[in-house]
Amino acid sequence: MAVPAAAHGARKMENYGRFLALLASTLLVGFLSVILSLVWVFHYREGLSWDGGPGEFNWHPVLIITGFVFIQGIAIIVYRLPWTWKCSKLLMKFIHAGLNTIAMILAIVSMVAVFEFHNAKNIPNMYSLHSWIGLTAVIFYSLQLFLGFAVFLLPFAPVHLRAALMPIHIYSGLTIFATVIATALMGITEKLIFALNRPAYRESPPEANLVNSLGLLLVVFGSLILWIASRPHWKRPPYYYTSKFPLVRVLLI
Ligand code: HEM
Ligand code: HEM
């Protein structure tokens, strides 16, 4: 298999310093969001438990923010890390698919938590706009994951099908991610309105300010991920691997 010199990580990323600064800010904002969600549930709410009570509900925001927002965001930009460009595309596909699978599992557990909490407390299911958009996002995300595996990881899809589906894969991935951020903001607002009582949400108690700040951080995190993922010059450069083995050629796309 012949690999051109440019493929050996020698290629310099354009605006590398800016990329590093944005990546560091993204990681910082992402970590801070996870920490704030934990401070929220442990300091202001009932902590975490799995007993049908409020502690079980609290898994919902914590796992969504950790998995569906933070880990999914990192999965989206993982191909952009320039020090991974010397790694094989197949390895990067496993990392991208693996992180997205972890995000999916955490999202499902977080949904089980909120459904069990509702059932234990006889609260109706699926009445809110938040739950409609949230469930839709989860369904499309699982479809994206399934199609990603079937088309880009398994060696069956022909090269022309992979090339035709890639722009759709990228567009739907970014749209689902943006929808997840919007859903999280709706969920946070609902929870604050339901839970804050004497002082109420409108009186801006410290919990409301902390969680409003969490919402702001989620918007900043989402915007940074979308910015990084939409810079054409930070895209993983295509390597012109040539191989006489068709299977190897297909796996590299
Ligand atoms: C962004 C991804 C999210 C998804 C996909 C999602 C999904 C859902 C779904 C499907 C339900 C309905 C459960 C039922 O009917 O039994 C629900 C309920 C709820 N979620 Fe989320 N959620 C997300 C984020 C959040 C966040 C970050 C919070 C913050 C606390 C939150 C707060 C709530 C609340 C308060 C309910 C109960 C009221 C209702 O059904 O709307 N959600 N969520
Ligand atoms: C729900 C899960 C998934 C989401 C949200 C998602 C999202 C994305 C996004 C937004 C991009 C654009 C990244 C960039 O431009 O740098 C991308 C690229 C890509 N994804 Fe996925 N993806 C998912 C699952 C998968 C799976 C399971 C595979 C199978 C290996 C896969 C294979 C790829 C490939 C090959 C690229 C092109 C990377 C490049 O050439 O630079 N994706 N994905």
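A brief look at the structure comes next. (Residues numbered from 1 in each chain as written. Chains lettered and ligands numbered in written order. Predicted model: local features only at pLDDT ≥ 70, side-chain atom pairs only at ≥ 80, totals over all residues.)

Things to note about the site of ligand 2
The environment of ligand 2 is formed by 22 residues, the closest being K93, A97, N100, G148 and G173. At the level of elements, α4 (89-120), α5 (129-153) and α6 (159-195) are the ones that each hand at least two residues to the shell around ligand 2. For the shell around ligand 2, the leading source of residues is α5, giving seven residues. (Near = placed C-beta within 6 Å. Helix = DSSP H or I, 4+ residues; strand = E, 2+ residues; numbered from the N terminus.)

What to know about the site of ligand 1
Ligand 1 sits among 26 residues. The nearest are N125, S128, S131, G134 and G187. Contributing elements (two or more residues each) for the shell around ligand 1: α3 (59-77), α4, α5 and α6. For the shell around ligand 1, the element with the most residues is α6, which contributes eight residues. Looking at the shell around ligand 1 residue by residue, the classes come out as 15 nonpolar, nine polar and two charged. (Nonpolar A, V, L, I, M, F, W, Y, C, P; charged D, E, K, R; others polar.)

Notes on the packing of α5 against α6
Interhelical geometry of α5 versus α6 gives an angle of 155 degrees and a closest axis separation of 9 Å. Taken as axis vectors, α5 and α6 run roughly antiparallel relative to one another. Classified by chirality, the crossing of α6 by α5 is left-handed. Of the residues in the contact of α5 with α6, the class split is twelve nonpolar, ten polar and two charged. (Axes fitted to C-alpha atoms, helices over the stretch in contact; angles between N-to-C directions. Parallel < 35°, antiparallel > 145°, perpendicular 65-115°, else oblique. Left-handed = near helix turned anticlockwise from the far one by under 90°.)

Quick notes on the nonpolar core
Counting 38 residues, the largest nonpolar core has V69, V180 and A184 as the members making the most contacts within it. When residues of this core are traced back to their parent elements, those giving at least two are α1 (16-44), α3, α4, α5, α6 and α7 (206-229). When residues in this core are grouped by element, the largest group, twelve residues, is from α3. Setting aside residues up to four positions removed in sequence, V180 forms contacts with F68, V69, Q72 and A137. (Core = buried A, V, L, I, M, F, W, Y, C linked by C-beta atoms within 7 Å. Buried ≥ 20, exposed ≤ 12 C-beta atoms within 10 Å, placed from the backbone. Contact = placed C-beta atoms within 7 Å.)

With respect to unusual backbone geometry
Residue R198 is joined to P199 through a cis peptide bond whose omega torsion reads 5 degrees. Structurally, the position occupied by P199 is in the loop between α6 and α7. In the Ramachandran plot, M126 falls in the positive-phi region, its phi being about 55 degrees despite a non-glycine side chain. The residue M126 is located in the loop between α4 and α5 in this model. Taking the number of C-beta atoms within 10 Å as the measure of exposure, M126 has 11 and is therefore exposed. The phi torsion at S204 lies on the positive side, around 50 degrees, for a residue other than glycine. Checked against the element boundaries, S204 lands in the loop between α6 and α7. Judged by the 12 C-beta atoms lying within 10 Å of it, S204 falls in the exposed class.

Keep in mind these numbers describe shape, not what the thing actually does.
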